[in-house]
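Okay, here's what each chain looks like letter by letter:
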Amino acid sequence: MAASLDWTWHDANGVSRVINVSGTMTSLGGSVTAPKVAQATADAMTRFVRIHEMQAHASQTIAALTGAEAGFLTASASAGITLALAGTMTGLSPAAVEALPKSPGPRNAVAIQLGHMCEYGAPVTTAITLAGGTVRPVGQSTVAADYQLEAACDETCTAALYVVSHHVVHYGQIPFARFAEIAHDKGVPVIVDAASEYDLRGFIEQGADIAIYSGHKFLGGPTSGIVAGRKDLVRAAYLQNIGVGRGMKIGKESIAGAIAAMKLWMERDHEAIRADERAALELWSEALAPLSGITPRIVADPTGNPLDRLQVEVDAQTAGASAATFARALGERDPALIVRGHEVELGYFQLDPCNLRPGQAKAVADALTETLSNGRALQERPEDLSAARNGGVEGYLNWLT
Ligand SMILES: *Cc1c(COP(=O)(O)O)cnc(C)c1O
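Residues numbered from 1 in each chain as written. Predicted model: local features only at pLDDT ≥ 70, side-chain atom pairs only at ≥ 80, totals over all residues. Heavy atoms only, no water.

### As for the overall build of the protein
- Summing up its helical and strand segments, the protein has 17 helices and 12 strands in all.
- Structurally, the protein occupies a C-alpha span of about 65 × 50 × 45 Å along its principal axes.
- Burial statistics for the protein: of 401 residues in total, 50% are counted as buried.
- Pairs at least 24 residues apart make up 72% of the contacts formed inside the protein by residues separated by at least 6 positions.
- Entry remark: accessible area of the protein is about 18,400 Å², with carbon and sulfur atoms responsible for 54%.
- Treating the 31 positive side-chain charges of the protein as one cloud and the 42 negative ones as another, the clouds have centres 6 Å apart. (Helix = DSSP H or I, 4+ residues; strand = E, 2+ residues; numbered from the N terminus. Buried < 20%, exposed > 50% of the residue type's maximum accessible area, 1.4 Å probe, protein only. Contact = heavy atoms within 4.5 Å. Areas by Shrake-Rupley, 256 points an atom, 1.4 Å probe, with all protein chains shown as cover. Lys, Arg positive; Asp, Glu negative; His and termini not counted. Charge placed at Lys NZ, Arg CZ, Asp CG, Glu CD.)

### Some details on the packing of helix α3 (residues 51–66) against helix α11 (residues 252–267)
- Packing of α3 against α11 leaves a shortest axis separation of 10 Å and a crossing angle of 20 degrees. In this view, α3 runs roughly parallel relative to α11, as classed from their interaxial angle. In the packing of α3 onto α11, the handedness of the crossing is left-handed. Side by side, α3 and α11 meet where Ile51, Met54, Gln55, His57, Ala58, Thr61, Ile62, Ala64 and Leu65 of the first sit next to Lys252, Ile255, Ala256, Ile259, Met262, Lys263, Trp265 and Met266 of the second.
- For the contact of α3 with α11, the class distribution of residues is 12 nonpolar, 3 polar and 2 charged. (Axes fitted to C-alpha atoms, helices over the stretch in contact; angles between N-to-C directions. Parallel < 35°, antiparallel > 145°, perpendicular 65-115°, else oblique. Left-handed = near helix turned anticlockwise from the far one by under 90°. Nonpolar A, V, L, I, M, F, W, Y, C, P; charged D, E, K, R; others polar.)

### Examining helix α4 (residues 77–90)
- For α4, with 14 residues, the first-to-last C-alpha span of 20 Å sits near the 20 Å given by 1.5 Å per residue.
- Buried residues dominate α4, accounting for 13 of its 14 residues. (Expected span 1.5 Å × (residues − 1).)

### Examining the domain arrangement of the protein
- In terms of domain boundaries, the protein breaks down into domain 1 (2–29 + 269–397) and domain 2 (35–267).
- One C-alpha centre belongs to domain 1, the other to domain 2; they are set 31 Å apart.
- Taken together, the contact pairs 11 residues of domain 1 with 13 residues of domain 2.
- Taken together, both faces of the contact between domain 1 and domain 2 bury some 960 Å²; the carbon and sulfur share is 56%.
- In this assembly, domain 1 and domain 2 are joined by 5 residue pairs in polar contact (both at pLDDT 80 or more).
- Here the side of domain 1 that touches domain 2 is built from residues that sort into 4 nonpolar, 5 polar and 2 charged. (Domains from an automatic or database assignment. Buried area = accessible area lost by both parts, 1.4 Å probe. Polar contact = N/O pair within 3.5 Å; in protein donor to acceptor, adjacent residues only side chain to side chain.)

### Considering the packing of aromatic side chains
- Counting across every chain of the model gives 7 aromatic pairs.
- Taking 4.5 Å as the distance between ring centres and 15 degrees as the angle between the ring planes, the aromatic pair formed by Tyr198 and Phe218 counts as stacked. Of the two residues, Tyr198 is situated in the loop between β6 (190–193) and α9 (202–205) and Phe218 in the loop between β7 (210–214) and β8 (225–229); the sequence distance between them amounts to 20 residues.
- For Phe218, a relative accessible area of 9% gives the class buried.
- Each residue in the set Tyr162, Phe176, Phe179 and Phe203 is aromatic and connected to the rest through ring pairs, giving one cluster. (Phe/Tyr/Trp six-rings, centres within 6.5 Å; stacked < 30°, edge-to-face > 60°.)

### Remarks on the environment of Thr26
- For Thr26, the position within the fold is in the loop between β1 (18–21) and α2 (35–45).
- Spatially, the C-alpha atom of Thr26 lies 27 Å from that of Asp209, the residues being 183 residues apart in sequence.

### Focus: the pattern of salt bridges
- This structure, assessed with the given rule, holds 19 salt bridges.
- Two residues, Arg178 and Asp146, come together in a salt bridge whose shortest N-O distance is 2.7 Å. Of the two residues, Arg178 is situated in helix α8 (residues 176–185) and Asp146 in helix α7 (residues 146–152); the sequence distance between them amounts to 32 residues.
- Its relative accessible area of 30% is what places Arg178 among the partly exposed residues. (Salt bridge = Lys/Arg side-chain N within 4 Å of Asp/Glu carboxyl O.)

### Points about the site of the ligand
- Neighbouring the ligand are Ser76, Ala77, Ser78, Tyr120, Val164, Ser165, Asp193, Ala195, Ser196, Ser214, His216 and Lys217.
- Within the contact set of the ligand, an oxygen atom lies 2.9 Å away from a backbone nitrogen or oxygen of Ser78.
- A distance of 2.6 Å separates a nitrogen atom of the ligand from a polar side-chain atom of Asp193.
- Within the complex, the protein chains bury 92% of what would otherwise be the 380 Å² of accessible surface of the ligand.
- In terms of residue class, the shell around the ligand is built from 4 nonpolar, 6 polar and 2 charged. (Near = heavy atom within 4 Å.)

### Some remarks on the sheet that holds strand β9 (residues 294–300)
- Strand order in the open sheet formed by 3 strands is β9-β10-β12, with antiparallel pairing between adjacent strands. Edge positions in the sheet fall to β9 and β12 (348–351), since each of these pairs with one other strand and no more. Taken over all neighbouring pairs, the strand axes of this sheet differ in orientation by 30 degrees on average, direction set aside.
- Bridging between strand β10 (residues 308–314) and β12 involves 4 bridges; their strand directions are antiparallel. Note on β12: the bridge partner recorded for Leu310 is Leu351.
- Contacts from helix α12 (residues 270–288) reach β9, β10 and β12 within the one sheet, and its direction differs from that of β10 by about 15 degrees.
- The strands that helix α14 (residues 323–331) touches are β9, β10 and β12; relative to β12, the one it contacts most, it runs at about 40 degrees. (Pairing = 2+ DSSP bridges.)

Shown next as structure tokens:
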């Protein structure tokens, strides 16, 4: 049996069996690392080190990966946003760092387009206020104009934050290069939340002063955040570890693992991975095509990542159950099949192949066929809609009840 269908570890630890076709989800444990990455974390765990020295090594690797001058690692991308913004307020003054978040001084506004105010598990605005920043919305949800950003970037504005994500509004926003140009004309640094983007160089190339990535998404590292950019701002962000960053610290094991993951990324056979993903999508598409009321469609990633997904469109009348109910039912199987349900109220869910383990594609096809051909046997439940949006607030509220 393929190792990925061997559930001995799950069973021994009382942890439910999960097949992840939803993407990289904090609620499912982020990503699964390559053996080399796991080994790098294990090797670091049994040794003492000098953290600043390891972070300097991380900086070199981040520079090679992103083209930035420098970088460091922290607990998560969300932490990276907070630290980067805090750094723009404090520079290299330790006293200013210790004064955060309560006393950021007069220059603490963070300009962000309203359509970028997303939630990625927590509101992005919380990452701003945690730093001591004041959220300064630019435009309305579906339209932001150059003059609005210009006006927002006044002498009280410490940074302009740009979010790249499938979670943001995808039209009517100021394109990145223009956004950076306007902010720079007003002397305001540009911070990019690119947590889930494969493009590790483009934002820096187009003028981002800092770009932030998750180490545990497509990079396949341990839970971590990568802060890359201008050396002065990276150093100021790093200094926050004596202040608001303390609770966001990264350990030696994750630094070692993230460095290993970044190095592996640079030598990864991306074409071969895409071919495997494509084969899985086609297998599932073929399995679903004959089912009545079910329309499988391969769709491109909305932010242009080199990743396609299978969108499973459900005609509830014909199929016997709604997309939300199917998604819930798939999640109740053993092993659980966790699908991508962010947009389930629109009548579809998606299957994301990026975290599929070797040997799982066929198991997924079989589970889909069995559950989706049997819609009439399923009972709709009022909570199906929220349950299908995995990782939501219910998981927290229901914990230990
Ligand atoms: C995932 C994500 C985050 C949060 O990343 P973590 O590393 O889990 O904190 C922030 N912003 C965007 C756009 C994301 O996709």
